[in-house]
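Structure assessment
One-letter residues, chain by chain:
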Amino acid sequence: MHHGLKYYCYGSKKWSQVVSPWSNQVTLSVTERPKASLILVPTGQMFTGENVTLRCDIQGHTDTEWRYSWYKDGDSNRPVHSSDNKTEYSFSVVESDSGKYTCRGDRRSDSQRSQISDAVTLTVSETPKPELTSSHKGAALIGKPVVLYCKLDQSAGWRFYWSKHTQNPENETKTETHSYTISSVSVSDGGQYWCRAGRGTPVYYTHYTDTLWMNVTESPKAVISINPDNQVFRGETVTLRCDMQGGGDTEWRYSWNKDDYSHNSFSTTKENTISSVREFDSGKYTCRGERRSDSQTSEISDAVTLTVSDRAQAALRASPQSWLSEGDSVTLSCEVKGSSTGWTFSWYRDKDGHLFNISREAGGSYTLSPAALNHTGVYACRATRGKPAYHTQYSDKLPLWITGVSPPVSLMVSPNRTQHFNFKPLSLSCEGQSDSTGWRVRRYTHSEKVSDCSSGWRSVTGSTCNISFLSTSHTGVYWCESESGESSNPVNITVTNDDVILDSSVHPVTEGDPLTLRCLYRYTKPSNLTAEFYKNGSLLQTQTTGEMTIRTVSKSDEGLYHCKHPKEGESPQSWISVRASAAESAPNLVGAIVGVSFAVLFIILLILLWCLKMKQGNKQNINQTSMQNQRESGAEDPQPENIPLQSGVVHVYDTVERAGDAANELTDVTYSQVNKSKTKDSDTGSMEVTYAEIELKTKKKPKRKREQTSVNADTVYSELKQNTDEGDVSGFGDSTYVFN
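Please read these numbers as outputs of a predicted model, since none were measured by experiment.

The next subject is the pattern of salt bridges. Throughout the structure, instances matching the rule amount to 29 salt bridges. One salt bridge in this structure joins Glu172 and Arg196, with 3.0 Å as the shortest N-O distance. Of the two residues, Glu172 sits in the loop between strand S14 (159-164) and strand S15 (173-175) while Arg196 sits in strand S17 (residues 191-199), which places them 24 residues apart along the sequence. Taken as a pair, Glu172 and Arg196 share a single burial class, namely buried. For Asp243, the salt bridge identified is with Lys270, shortest N-O distance 2.6 Å. Remark: Lys270 occurs in the loop between strand S25 (261-267) and strand S26 (271-274) and Asp243 occurs in strand S23 (residues 238-244); sequence separation between them is 27 residues. Take Asp243: its relative accessible area is 24%, and that puts it in the partly exposed class. Classification of Lys270 by relative accessible area gives buried; the value is 13%. In the salt-bridge network here, residues are joined through shared partners; they are Arg241, Asp243, Lys270 and Glu271.

Read across the sheet, three strands follow the order S3-S5-S8 without closing on themselves; strand pairing throughout is antiparallel. The open sheet has two edge strands, strand S3 (36-41) and strand S8 (88-92), and neither has a second partner. With strand direction ignored, the average angle separating the axes of adjacent strands in the sheet is 15°. Across six bridges, the pairing between S3 and strand S5 (residues 51-58) is antiparallel. Residue pairing in the sheet places Ile39 in a bridge with Arg55 of S5.

Turning our attention to the state of the cysteines. For the structure shown, the criterion picks out six disulfides. With a sulfur-sulfur separation of 2.0 Å, Cys56 is cross-linked through a disulfide to Cys103. Judged by the sign of its S-S torsion, about 85°, the bond between Cys56 and Cys103 is right-handed. Linking Cys56 in strand S5 with Cys103 in strand S9 (residues 99-107), this pair joins segments that are 47 residues apart in sequence. Each member of the pair, Cys56 together with Cys103, is buried.

Note that Ser333 resides in strand S31 (residues 330-336). Here Ser333 falls in the buried class, since its relative accessible area comes to 16%. If we ignore the near neighbours within four places in the chain, the residues touching Ser333 are Ala315, Leu316, Arg317, Trp347, Gly364 and Ser365.

Turning our eyes to something else, we now look at the environment of Thr544. Tracing the sequence through the fold places Thr544 in the loop between strand S51 (538-543) and strand S52 (547-550). Of the residues examined, Thr544 reaches a relative accessible area of 56% and is grouped as exposed. Thr544 sits 15 residues away from Leu529 along the chain, and the two C-alpha atoms are 6.3 Å apart.

Turning our eyes to something else, we now look at the environment of His81. For His81, the position within the fold is in strand S7 (residues 81-83). Sequence separation of His81 and Tyr71 is 10 residues, and the distance between their C-alpha atoms is 7.3 Å. What His81 contacts, discounting residues up to four positions off in sequence, is Tyr68, Ser69, Trp70 and Tyr89.

So, on to the pairing of strand S27 (residues 283-291). Summarising burial for S27: seven of the nine residues are buried, a large majority. Sheet analysis places strand S24 (residues 252-258) next to S27, joined by seven bridges and oriented antiparallel. Residue Trp256 lies in a different strand from S27, and its bridge partner there is Cys287.

To continue, consider unusual backbone geometry. The linkage connecting Asn227 with the following residue, Pro228, adopts the cis geometry, with an omega of 15°. In this fold, Pro228 is placed in the loop between strand S21 (222-227) and strand S22 (231-233). With an omega of 10°, the peptide bond running from Ser319 to Pro320 counts as cis. By secondary structure assignment, the location of Pro320 is in the loop between strand S29 (314-319) and strand S30 (323-325). Positive phi, close to 55°, is recorded for Asp73, a residue that is not glycine. You can see Asp73 is positioned in the loop between strand S6 (66-72) and S7. Positive phi outside glycine occurs at Asn536, with the angle close to 50°. Looking at the secondary structure, you find Asn536 in the loop between strand S50 (531-535) and S51. Overall, Asn536 belongs to the partly exposed group, its relative accessible area being 48%.

Here we come to the sheet that holds S26. Taken together, three strands build an open sheet; the order of strands is S21-S23-S26 and the sheet is antiparallel. Either end of the sheet is taken by a strand with one partner, and the two such strands are S21 and S26. The mean angle between the axes of side-by-side strands here comes to 15°, regardless of whether they run parallel or antiparallel. Here four bridges tie S23 to S26, and the two strands are oriented antiparallel to one another. Bridge pairing in S26 links Thr239 to Thr273.

All right, on to the side chain of Thr445 then. Within the secondary structure, Thr445 sits in strand S41 (residues 440-445). When residues no more than four places from it in sequence are discounted, the contact partners of Thr445 are Ser473, Thr475 and Gly476.

This part covers the nonpolar core. In this structure, Leu316, Leu332, Val336, Trp343, Phe345, Trp347 and Leu400 are the most contacted members of the largest nonpolar core, which totals 23 residues. Sorting the residues of this core by element identifies S29, S31, strand S32 (344-351), strand S34 (365-368), strand S35 (377-385) and strand S37 (398-403) as the ones contributing at least two each. Element by element, the count of residues in this core is highest for S31, at four residues. Aside from chain neighbours lying at most four places away, what touches Leu400 is Gln321, Ser322, Leu324, Val330, Leu332, Leu368, His375, Thr376, Gly377 and Tyr379.

Rules and cut-offs
- Residues numbered from 1 in each chain as written.
- Predicted model: local features only at pLDDT ≥ 70, side-chain atom pairs only at ≥ 80, totals over all residues.
- Heavy atoms only, no water.
- Salt bridge = Lys/Arg side-chain N within 4 Å of Asp/Glu carboxyl O.
- Helix = DSSP H or I, 4+ residues; strand = E, 2+ residues; numbered from the N terminus.
- Buried < 20%, exposed > 50% of the residue type's maximum accessible area, 1.4 Å probe, protein only.
- Pairing = 2+ DSSP bridges.
- Axes fitted to C-alpha atoms, helices over the stretch in contact; angles between N-to-C directions.
- Disulfide = S-S within 2.5 Å.
- Contact = heavy atoms within 4.5 Å.
- Core = buried A, V, L, I, M, F, W, Y, C linked by side-chain atoms within 4.5 Å.

By themselves, these observations are geometric and do not establish any function.
Structure, rendered in structure tokens:
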């Protein structure tokens, strides 16, 4: 193809040499035939009833140079539409209009044609129906955002129209995108929703969607808890738990925050365990949930504070006090400093420097009731909680001292007082009612160790322990202990560097006895010392003689005593125990012995009664015939009839004499007298022979109406007289028994 060639010409006559001049130059431009282009508006999927526009353009040429024709499905001979001056062809489509369309132009000046356009496919379908969905599959939570989606898969260029509660075009909300956002849901947002799409001018609308129901509920609030406690100790295992109020356990994922910083991502488990916590784990923790179905989040929980302290320490105390009398009750209480939740307590007793477990309780108390001498000892406790088990440190050791009424041995102290000046001598010995061999003096001091006299802190002579020079390190509790573990009453010894001490009883004071307390000064006699005496911190008396006397001691006098000199200072405190008097406990013991004796005697009497009744029955059978004959004849034989009852070395004879008519008198009484004497048999030596004589005497009674009586015919009154010859050691006296 050549562009811009210049042409000119001249003329000549035929058969003549006449030539015309050259013509003007003419430029001939040759170009490629233009190609039409077809544009479908709108593009893509079309729907029945929509207006479509087919626009035909000739590239590089103005619209007015051409006439336009549109063809369908490749038929270029029969246009579906032609226009002399319009480049657009618009019509309302039906499904039969679907097909491939082309166009071309015819130049007005010379009817030259452009090339035909590429085909454009028009697809016409029935009116579409969008789908309405929500960003949340479950109920919408108040205060949370919700997004509604109007999905229309075919083509583009749509605007979307939203209806709430009713399908009213006048109240529709229009959006340029297929989503509708409610930034903060409220109760009024609940209800029915629809949407439809529209495009073009005039607007072509799709069908409405199916109804979407939006349920609105209160947003659940997360609740965080800490197990075992908010106050924990270094090394414990801590579990943070997040619960949704009314939200169910399987619907949520959980996240944790510490001090407003995200601790971890969302997890499917509602518990977050921190193994072996440290101080840096302390802080404020919160949690929240994210619903699995639609990622809605709950309200964040209120913060809980986790405090991690150093290693836990158990503390042990005794109530009412650690010095007790035998038979009292004492309760040991164990607690964990700074924490009181979820602990199980174990109780230990010291034995030769080793702690042995004696009990394990859920509660924090261990009671000894009644307390006995063998409960004297040193105790400790500790607490445990959690899985895996976390143990506190052992408590400080606590001594428990029990004083008895009559221990097997006693610890004798010389000088006989509880308080002593330093640098003075002291002697302690084990003394018993019998032999004190095998007993040793032991002590418990502030070092919390039990030791023997032979361990180097004093000299030993048998069961006596001598200290030449006292020091404050000798302050402690001393007692005697046997090889089998028996103990004496403990004695509290206090050694002071000060110049004033209280002279008080080493051993418990008995109720009813007098008690004298003296205030001693290191350099002055007691009579020259003015002293104030205190009990449990309260002033009792002020004495110029240096001593105070309680004439009759009672249990209420038990307590902590000390004395004070206005100038020289005050003594340490000493505990004075008061025990019950022996007279108070004696009636109980006597009563028990008497009760047991009567019970034994009653059983013996029952046995004797049974034996005598059996024997009496045999006697009546033997004499029945003779007695019946006497009644029939009316004769009265004043002489007793002797019937041998037993033969042998010891002979017993029974004489029976009965009065009255057996047939008519039910109230006949038999009196029996047994005389016991001692005789000498030449063959057998000194032997006992017993004779029994029973006299039956007739008693005349007036005739009267028979009356019932509580005494029947079998009643036997017996008088047993036991006579002992001089020299008999049996010691039996006279006794009278009545048997029924």
